[in-house]
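# Fold and contact review
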Amino acid sequence: MHTFKKIFLASLVLLLSAPVSFLSQSFPIIPKPVLIENGDGFFTIDRNTAITFTEENNEVIKLAQLLAGNIEAVTGAKPVIKSGTVSSNIIEFVFDPGIQQDEGYKIDISSDKIVLKGKTGAGLFYGIQTLIQLFPLEKTGSIQLNSVAIEDYPRFKWRGVHLDVSRHFFPVEFVKKYIDVLAMYKINTFHWHLTDDQGWRIEIKKYPELTEIGSVRKETMGDGIPHSGFFTQNQIREVVEYAKQKYITVVPEIEMPGHALAALTAFPEFSCTGGPFEVGTIWGVFEDVFCAGNDRTFEFLENILSEVIALFPSEYIHIGGDEVPKIRWENCEKCQARIKNENLKDEHELQSYFIHRIEKFLNARGRKIIGWDEILEGGLAPNAAVMSWRGTEGGIAAAKMKHYVVMSPGTHCYFDHYQGLSGEPIAFGGFTPIEKVYSYEPVPEVLTDEEAKYIMGAQANMWSERYESTDHVEYMLLPRLCALSEVVWSEKKSRNAADFFSRITTHYDLLTKKNYNFRIPPPLNESGELLLDRNEEITLSSPVRNGSIYYTLDGTEPETNSLSYTGPLRFSAPQLLKAKTFLPNGKSSPTATVQISFVDTTRNGLLFKYFEGEWDNLPDFEKMEPVREGKIYKLDIDRINTRQDYFGLDLNGFINIEKEGDYIFYLTSDDGSKLLIDNRVVVDNDGLHSDKEVSSKIFLKTGLYPFRIIYFEKFGGQSLKAEFEGPGFRKKLIPADTFFFYNQ
């Protein structure tokens, strides 16, 4: 697992104020099909409608039963399923070899029948998912569908979503529910993270100690509460078969050579030191890894993998390969002997040797390996695929080497990140809102057309350190899954954010009906400080049907007895606005909290210089030529239009201190930063790290002081936030009207 990071300060105010008439669409399908052509008239599914097919087999019968069950859920009547030719009032399944893509399908709805064509069962299944999205949400005696012709197929072959069951264990029933919603949105790969430092979750018959010992940790982050759980091999088979029926391939991940503490607790003889160990009780990266110099280690892992591949028919087996500290290998006689005997240059090449050896074992049994992008270090195994998580660079490098790649950068695809900037349940860190997920393009521009063919697709990752409940996992998954599904299925040229957010409104109702705990969008897609012109109004809105908005202006949390929103709000002075959407079922959105401020854009703000480069610590920007210079009116790096990684900022101006006294300044960043006042370093938060807050106290007299923040971002996360507290006020963001461009 990756100890990952990212804050991206959003300024998008997307479509949440779009009128209902615009949001109401005849075909609110997600992911968006390749082609939709409207016809004349409509077809009605009623009690006399039959589902037919000419090519009868178990697969098509199961697909027909799937559709029939969904029709019955709406109408109360289950259609007759039969083979043979019927002229009208039918839904006809056809296997069509003329469809080029294996997962492609066509739907033709006319006044007398629906024809659903697929090259394979997968195509028919995806066509059924599209049809279901056109059904009414309320129970009704019949279903009326507008005439339409749909042609559709996926852009990418790997459309993945991951679930970590090691940090927190989730039962089979939930794993199936998770798979259900993946199938709804045409995801075809479920990456199941089964082992890590904090728990071994898969039964291995040859080594029962892995689950007897390795599946139990005594506590989590000092809470004193034991945590345990694992899947039996029968349960694994049950999940794999369940996913297969929904045309989802389950790819298991067995971590090696690092993230192995749970396994080493049960079998310390396969470490470099011999232990003893305990299953990880805190998050992070541990120094104890599998010993690469011990042949018995490989025998142990090969025996495990033999049982794994007997359970999982997937083409790929994920072997982790990430975050492998080398300190144990550096001090291990066996590992150093391996380096010498194999003519390896260093411990990085030893890791490559380890991965090569595991790959050779799996290749001999008809399988391929995929691993996190660290498997590039020391040389990539001949047939390995790479899952690029530390930005896009690993994926680019692998594709240029003609290795297959799944793009999964933390910047856009880590669903353990916060979805909003305030009022959210706890997350691992970072900020990856649905808008950012939807904006992701899996094929890097730097690749040639030939190199781009090696991008198999993209995947969202759900690391579970912070999520003890299944409701919490669902909240983090949804509705971002909807955005990802369109990224990996729909054509790049057809993707349009405005169109997507108009279609997703129907899906909030669909997810409610299916009892998923999705994130309800707050009534204002802003957080922190909101700068207004004197005559500007604020509009609050909810894209969720039957949502009611309540707000406060006194700092209290909105409740259903707070002020009811009825129209645009106008402000004449700075004010704290809190707003929230409530649904009839009692669920509510996060609280949107914004400080309304007014600034003089001729005076208030900071000057910035933008640099590009790769650093591990803050460079001397004063000796460098900036790529671009400009002004910002509040401290928000998103307004500077930086690139994703490898950049730096030098922000400077003046800060107005209104009252003499002690002040505490807080600087949060990912990666390094420093805050200077009056040309002195007040807060030093330098270095490579995930989102981290550092604070320091300083005595200041009334007046204007030179103010400067320097910041760099290498790869992965991206965040910068400055707060302070002082005489008469608690910790808060430094208001925009406190900054001045010049000493005036």
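Since the structure is predicted, the reported quantities are computational estimates derived from the model, not experimental observations. (Residues numbered from 1 in each chain as written. Predicted model: local features only at pLDDT ≥ 70, side-chain atom pairs only at ≥ 80, totals over all residues. Heavy atoms only, no water.)

## Focus on the overall build of the chain
- Summing up its helical and strand segments, the chain has 18 helices and 37 strands in all.
- Here the C-alpha atoms of the chain give a radius of gyration of 28 Å, agreeing with the 27 Å that 2.2 N^0.38 yields for 744 residues.
- Each principal axis of the C-alpha atoms in the chain carries an extent, and together these give about 90 × 75 × 50 Å.
- Evaluated residue by residue, the chain yields a buried proportion of 59% over its 744 residues.
- Long-range contacts, defined as pairs at least 24 residues apart, comprise 74% of the intrachain contacts of the chain with a sequence gap of at least 6.
- Put simply, the chain shows about 29300 Å² of open surface, and 46% of that area lies on carbon and sulfur atoms. (Helix = DSSP H or I, 4+ residues; strand = E, 2+ residues; numbered from the N terminus. Rg over C-alpha atoms; globule rule 2.2 N^0.38 Å. Buried < 20%, exposed > 50% of the residue type's maximum accessible area, 1.4 Å probe, protein only. Contact = heavy atoms within 4.5 Å. Areas by Shrake-Rupley, 256 points an atom, 1.4 Å probe, with all protein chains shown as cover.)

## Notes on helix 10 (residues 333-341)
- If you check which residues of helix 10 are buried, you get Cys-335, Arg-338 and Ile-339. Taken down its axis, helix 10 places every buried residue within 100 degrees of arc, on the same side. Structural note: helix 10 exposes Glu-333, Lys-340 and Asn-341 on the side pointing more than 90 degrees away from its buried face.
- Residues of helix 10 that are buried in the fold lie against helix 8 (295-311), helix 9 (327-330) and helix 11 (347-363). (Arc of directions from axis to C-beta.)

## Let's talk about the side chain of Glu-723
- Tracing the backbone shows Glu-723 in strand 35 (residues 719-726).
- With relative accessibility at 11%, the residue Glu-723 sits in the buried group.
- If we skip the residues at most four places from it in the chain, Glu-723 touches Ile-664, Phe-665, Tyr-666, Glu-693, Lys-731, Lys-732, Leu-733 and Ile-734.

## Digging into the environment of Gly-726
- Tracing the sequence through the fold places Gly-726 in strand 35.
- Note: C-alpha distance between Gly-726 and Phe-665 (61 residues apart in sequence) is 8.9 Å.

## Considering the pattern of salt bridges
- With the rule as written, the count across this model stands at 39 salt bridges.
- Across the pair Asp-295 and Arg-338 runs a salt bridge, and its minimum N-O distance is 2.7 Å. In this pair, Asp-295 is assigned in helix 8 and Arg-338 in helix 10, connecting sequence segments 43 residues apart.
- What makes Asp-295 partly exposed here is its relative accessible area of 44%.
- Assessed through its relative accessible area of 10%, Arg-338 is described here as buried. (Salt bridge = Lys/Arg side-chain N within 4 Å of Asp/Glu carboxyl O.)

## Things to note about the packing of helix 17 (residues 480-489) against helix 18 (residues 497-513)
- Relative to each other, helix 17 and helix 18 sit at 130 degrees, their axes nearing to 11 Å. In this view, helix 17 runs oblique relative to helix 18, as classed from their interaxial angle. In this structure, the crossing between helix 17 and helix 18 has a hand that is right-handed. Along its contact with helix 17, which presents Cys-482, Ala-483 and Glu-486, the element helix 18 presents Phe-500, Arg-503 and Ile-504.
- Among the residues making up the contact of helix 17 with helix 18, the classes are represented as 4 nonpolar, no polar and 2 charged. (Axes fitted to C-alpha atoms, helices over the stretch in contact; angles between N-to-C directions. Parallel < 35°, antiparallel > 145°, perpendicular 65-115°, else oblique. Left-handed = near helix turned anticlockwise from the far one by under 90°. Nonpolar A, V, L, I, M, F, W, Y, C, P; charged D, E, K, R; others polar.)

## Concerning the environment of Ala-50
- Within the secondary structure layout, Ala-50 lies in strand 2 (residues 50-53).
- Exposure remark for Ala-50: the relative accessible area of 7% places this residue in the buried category.
- Residues Ala-50 and Glu-103, 53 residues apart in the sequence, show an inter-C-alpha distance of 25 Å.
- Aside from chain neighbours lying at most four places away, what touches Ala-50 is Val-80, Lys-82, Asn-89, Ile-90 and Ile-91.

## Quick look at the sheet that holds strand 23 (residues 563-564)
- If you walk across this open sheet you meet the 5 strands as 20-26-25-22-23, and the pairing is mixed. Looking at which strands have only one partner, the edges of the open sheet turn out to be strand 20 (528-531) and strand 23.
- In this structure, strand 22 (residues 548-552) lies alongside strand 23, joined through 2 bridges in antiparallel fashion. Note that in strand 23 the partner of Tyr-550 across the bridge is Ser-564. (Pairing = 2+ DSSP bridges.)

## Structural notes on the pairing of strand 2
- Burial along strand 2 is two-sided: Ala-50 and Thr-52 and Ile-51 and Phe-53, pointing in opposite directions, are all buried.
- Pairing between strand 2 and strand 4 (residues 90-95): 4 bridges, direction parallel. The residue of strand 4 that forms the bridge with Phe-53 is Phe-93.
- Sheet topology note: the strand 2/strand 3 (residues 80-83) ladder contains 4 bridges and is parallel. Bridge pairing in strand 3 links Phe-53 to Ser-83.
- Of the crossover connections in this fold, the one passing from strand 2 over helix 2 (residues 58-75) to the parallel strand 3 is right-handed. (Right-handed = clockwise from strand over helix to strand, strands pointing away.)

## Some thoughts on helix 6 (residues 233-245)
- Taking 1.5 Å per residue, 13 residues should reach 18 Å; helix 6 reaches 18 Å between its end C-alpha atoms and fits that length.
- Listed as buried for helix 6 are Gln-233, Ile-236, Val-239, Val-240 and Ala-243. Along the long axis of helix 6, the arc covered by the buried residues comes to 120 degrees, so they all point the same way.
- Contact partners of the buried residues in helix 6: helix 4 (172-184), strand 9 (189-193), strand 12 (249-256) and helix 8.
- Positive phi appears at Tyr-247, one or two residues downstream of helix 6, with a value of about 60 degrees. (Expected span 1.5 Å × (residues − 1).)

## Considerations on the pairing of strand 7 (residues 143-152)
- Across 8 bridges, strand 1 (residues 35-45) lies against strand 7 in antiparallel orientation. Bridge pairing links Glu-37 to Ala-149 in strand 7.

## Thoughts on the packing of aromatic side chains
- Applying the stated criterion across every chain yields a total of 38 aromatic pairs.
- Here the aromatic rings of Tyr-610 and Phe-647 are separated by 6.0 Å at their centres, their planes lie at 40 degrees, and the arrangement is tilted. Of this pair, Tyr-610 sits in strand 27 (residues 606-612) while Phe-647 is found in strand 29 (residues 647-657), placing the two residues 37 residues apart along the sequence. The two residues Tyr-610 and Phe-647 agree in class, both being buried.
- By way of ring pairs, the aromatic residues Phe-169, Phe-170, Phe-174, Tyr-178, Phe-190, Trp-192, Phe-231 and Phe-312 are connected into one cluster.
- The ring of Phe-741 is capped by Lys-631, whose NZ or CZ atom sits 4.6 Å from the centre of that ring.
- Seen from the ring of Phe-729, Lys-732 lies directly overhead, with NZ or CZ sitting 4.9 Å from the centre. (Phe/Tyr/Trp six-rings, centres within 6.5 Å; stacked < 30°, edge-to-face > 60°. Lys NZ or Arg CZ within 6 Å of the ring centre and 35° of its normal.)

## Comments concerning the sheet that holds strand 2
- Read across the sheet, 7 strands follow the order 1-7-5-6-4-2-3 without closing on themselves; strand pairing throughout is mixed. Every interior strand has two partners, whereas the edge strands, strand 1 and strand 3, have only one. Looking at each pair of strands side by side, their axes are set apart by 20 degrees on average, direction ignored.
- Helix-sheet contacts for helix 2 involve strand 1, strand 2, strand 3, strand 4 and strand 7, and the interaxial angle to strand 4 is about 155 degrees.
- Helix 3 (residues 121-134) contacts strand 4, strand 5 (105-109), strand 6 (113-118) and strand 7 of the sheet and is inclined by roughly 40 degrees relative to strand 5.

## A look at the confidence of the model for the chain
- Of all residues in the chain, 96% attain a pLDDT of 70 or more, and the chain-wide mean is 93.
- With pLDDT under 50 throughout, residues 1-25 is counted as low confidence; its partners more than four residues away or in other chains account for 100 contacts. (pLDDT = per-residue confidence, 0-100.)

## Notes on the environment of Thr-195
- Relative to the helices and strands, Thr-195 resides in strand 10 (residues 195-196).
- With a relative accessible area of 1%, Thr-195 lands in the buried category.
- Distance in space between the C-alpha atoms of Thr-195 and Ile-254 is 5.5 Å, their sequence separation being 59 residues.
- Apart from the residues within four sequence positions on either side, Thr-195 is in contact with Ser-166, Trp-200, Ile-202, Glu-253, Ile-254 and Glu-255.

## Quick notes on the nonpolar core
- In this structure, Phe-93 and Trp-192 are the most contacted members of the largest nonpolar core, which totals 158 residues.
- Top element by residues in this core is helix 4. It accounts for 9 residues.
- In this view, Trp-192 contacts Leu-163, Val-165, Val-175, Phe-231, Ile-236, Val-239, Val-250, Val-251, Pro-252, Glu-253 and Phe-312; residues no more than four positions away in its chain are not counted. (Core = buried A, V, L, I, M, F, W, Y, C linked by side-chain atoms within 4.5 Å.)

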